[in-house]
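Observations on chain architecture
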Amino acid sequence: MTAPTPQRCLAAADQLLRGSGVLGAAAVSAGWWPRACACLIRLALEGGIDAYWRRVKPAVAACRQGRAKQLMLRGRLGPGTETARRAAFAWASLSAATHHHCYELAPTAAELRRLHTEVSTLLARLEPPPATSATRPQVIVRGA
């Protein structure tokens, strides 16, 4: 079994937020959807960070500590301190939302939608820039 991609996790979380799909209606009626949704969004963020490090520096990707990978986003090879700060905040918010606390309410749909949007933005920032004509090798064909 392979790990789900960040995009599939976000798509499943979106279905839970809308109350649709295979689990959406059952999750809404059972009341467990907020924490499941937060968990899916957090998995998407963690998967995006892992994919970033596999592409940029595989030695970092081999590290089993998720917190270390997050901290290294601020470094020389990372996407920058702004992206690293936003990723750390999103991860901390999602981590708190996934845990059940006796006197705290589950996150609301609006909070989860905001976090879903934030993680989608972060995943886009962690993707490689699109290849332009200047970065693609040019093939010159000389006439006969």
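Residues numbered from 1 in each chain as written. Predicted model: local features only at pLDDT ≥ 70, side-chain atom pairs only at ≥ 80, totals over all residues. Heavy atoms only, no water.

1. Quick notes on the overall build of the chain
- Helix and strand counts for the chain come out as seven helices and zero strands.
- Taken from N to C terminus, the helices and strands of the chain fall in the order α-α-α-α-α-α-α.
- The buried share of the chain, reckoned over its 144 residues, is 33%.
- Put simply, 66% of the contacts in the chain that link residues at least 6 apart link residues at least 24 apart.
- When the accessible surface of the chain is totalled, it reaches about 9,400 Å², and 60% of it is carbon and sulfur. (Helix = DSSP H or I, 4+ residues; strand = E, 2+ residues; numbered from the N terminus. Buried < 20%, exposed > 50% of the residue type's maximum accessible area, 1.4 Å probe, protein only. Contact = heavy atoms within 4.5 Å. Areas by Shrake-Rupley, 256 points an atom, 1.4 Å probe, with all protein chains shown as cover.)

2. Things to note about the pattern of salt bridges
- Tallied over the full model, the rule gives six salt bridges.
- Among the ionic pairs, arginine 18 bridges to aspartate 14, the shortest N-O distance being 2.9 Å. Separated by four residues within a single helix, arginine 18 and aspartate 14 lie in helix H1 (residues 6-18), roughly one turn from each other.
- Arginine 18 sits in the exposed class, given a relative accessible area of 52%.
- A salt bridge links aspartate 50 to lysine 69; its shortest N-O distance comes to 2.7 Å. (Salt bridge = Lys/Arg side-chain N within 4 Å of Asp/Glu carboxyl O.)

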